[in-house]
Every structure is written in C-alpha cells, then in structure tokens.
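Spelled out from the first residue to the last, the chains are:
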Amino acid sequence: MGEARANFRLGLSYALTTLQSHYGTRTPRVIIVGYYQAFSTTCTDGLDEYELAWITRQTIDLNTAIRETTALYPFARYAPIDFTDHAICDTDPWVQNDAATDGFLHPNNAGHAAIARAVLRYLE
C-alpha cells in the first residue's frame, strides 16, 4: 500500500501543480476532501479485528497523504470528513451497505450532505 499512496501523492501533486501552472497568481481555491471511516470499532459488519484495524490504518494513512500533499499548495485546503456515529452499522449510517449495488461503501444522501458541509466550512 505504500507504493499506492506514493503514486496517489504524485498524482495529487501533479493535479495541483497543473492548476497552479495554468492559473498562476489567480489560482482558485481548491478543497480536497479526506476519506471517512466507513466502519466503527463497535460494528464491523463481518470484519474481524485485524481486517478492521487494517482498513482503519489505510484510511488514516491515505488522509495523511492527502493532508500533507495539499499543505504544499497555498491555494488548496484539506477538509477532513468525520462520519463518527454514522458508520455502516450505526443507527443513522451515512454509508451505503448494500453489496448488490454499485454504491457499496459510498456515502448515501446524508453522507454527501456531511461532505458538502465540510467543504463549505473551508469556503467561508
């Protein structure tokens, strides 16, 4: 996974550098959102503790890569996404949990609204 994150960092840097080169001093504000934890520690939806720990660690490491890369560009901001108490098995989930659909592990309408609120906080 380290190689995948390194490639991700390079891709994100390339995209942000391209924006900066294209717009110069008039580069628009860019908000890069992080990833949410889809599983809580209390409801793993069939994952064992090792799988859950691996998924949690990968999400943390990916968000670190996004945050650190974004910090290199003054026009860009990292917006963390917090789905605490809204994971797959929680009472009010913001994540789809139907493996039969293309939306598995994607945000539902409430999750998208939470992501939009996180972005708006950085635009104010």
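Residues numbered from 1 in each chain as written. Predicted model: local features only at pLDDT ≥ 70, side-chain atom pairs only at ≥ 80, totals over all residues. Heavy atoms only, no water.

Caption draft 1: Main features of helix 1 (residues 2-23). With 22 residues, helix 1 should cover 32 Å at 1.5 Å per step; its first-to-last C-alpha distance of 32 Å lies within 8% of that length. Those residues of helix 1 lying buried are Arg5, Leu12, Ser13 and Leu16. Taken end-on, helix 1 shows its buried residues confined to a sector of 100°, consistent with a single buried face. Opposite its buried face, helix 1 presents the exposed residues Glu3, Leu10, Tyr14, Ser21 and His22, each directed more than 90 degrees away. Of the surrounding elements, those touching the buried residues of helix 1 are strand 1 (30-33), helix 2 (49-70) and strand 2 (76-79). (Helix = DSSP H or I, 4+ residues; strand = E, 2+ residues; numbered from the N terminus. Expected span 1.5 Å × (residues − 1). Buried < 20%, exposed > 50% of the residue type's maximum accessible area, 1.4 Å probe, protein only. Arc of directions from axis to C-beta. Contact = heavy atoms within 4.5 Å.)

Caption draft 2: Seen up close, the side chain of threonine 70. As for its placement among the helices and strands, threonine 70 is situated in helix 2. Of the residues examined, threonine 70 reaches a relative accessible area of 1% and is grouped as buried. A polar contact of 2.7 Å, which involves the side chain of threonine 70, links it to the backbone oxygen of isoleucine 66. Setting aside its immediate chain neighbours within four residues, threonine 70 contacts Leu12, Leu16, Ile32, Ala76, Arg77 and Tyr78. (Polar contact = N/O pair within 3.5 Å; in protein donor to acceptor, adjacent residues only side chain to side chain.)

Caption draft 3: Summary view of the environment of glycine 34. Tracing the backbone through its elements, the reader meets glycine 34 in the loop between strand 1 and helix 2. Measuring from C-alpha to C-alpha, the distance between glycine 34 and glycine 46 comes to 25 Å, with 12 residues separating the pair along the chain. In this structure, glycine 34 is in contact with Asn63, Ile66, Tyr78, Ala79 and Ile81, ignoring residues within four places of it in sequence.

Caption draft 4: Fine view of the packing of helix 1 against helix 2. In the contact formed by helix 1 and helix 2, the axes pass within 10 Å of each other and the chain directions differ by 30°. Relative to helix 2, the element helix 1 lies roughly parallel. Regarding helix 1 and helix 2, the two cross each other, and that crossing is right-handed. On helix 2, the residues that touch Arg5, Phe8, Arg9, Leu12, Ser13 and Leu16 of helix 1 are Gln58, Asp61, Leu62, Thr64, Ala65, Ile66, Glu68, Thr69 and Thr70. Split by residue class, the contact of helix 1 with helix 2 holds 6 nonpolar, 5 polar and 4 charged. (Axes fitted to C-alpha atoms, helices over the stretch in contact; angles between N-to-C directions. Parallel < 35°, antiparallel > 145°, perpendicular 65-115°, else oblique. Left-handed = near helix turned anticlockwise from the far one by under 90°. Nonpolar A, V, L, I, M, F, W, Y, C, P; charged D, E, K, R; others polar.)

Caption draft 5: Region of the structure containing the nonpolar core. Counting 12 residues, the largest nonpolar core is built from Tyr36, Ala38, Phe39, Leu52, Ile81, Phe83, Ile88, Trp94, Val95, Ala114, Ile115 and Ala118. It is helix 3 (residues 109-123) that provides the largest number of residues to this core, a total of 3 residues. Core analysis: the next-biggest nonpolar cluster, separate from the first, contains 10 residues, Leu16, Ile66, Tyr73 and Ala76 among them. (Core = buried A, V, L, I, M, F, W, Y, C linked by side-chain atoms within 4.5 Å.)

Caption draft 6: Examining the side chain of serine 13 more closely. Within the secondary structure, serine 13 is located in helix 1. Given a relative accessible area of 18%, serine 13 falls into the buried group.

Caption draft 7: Up close: the layout of surface pockets. Approximately 400 Å³ is the volume found for the largest pocket. As for the largest pocket, its lining consists of 16 residues, and the residues nearest its centre are Tyr35, Tyr36, Gln58, Thr59 and Leu62. Mapped onto the lining of the largest pocket, the elements with two or more residues apiece are helix 1 and helix 2. Broken down by element, the lining of the largest pocket gets its largest block of residues, 4 residues, from helix 2. Here the lining of the largest pocket is built from residues that sort into 11 nonpolar, 4 polar and 1 charged. Considered as a void within the structure, the second largest pocket measures approximately 260 Å³ in volume. Gln37, Phe39, Asp82, Phe83 and Thr84 are the residues nearest the centre of the second largest pocket, which is lined by 19 residues in total. (1 Å grid on protein atoms, 1.4 Å probe; cavity = no way out; pocket = protein on both sides within 12 Å on 5 of 7 lines; lining within 4 Å. Points joined across faces, edges and corners; volume = space filled by probe spheres on them.)

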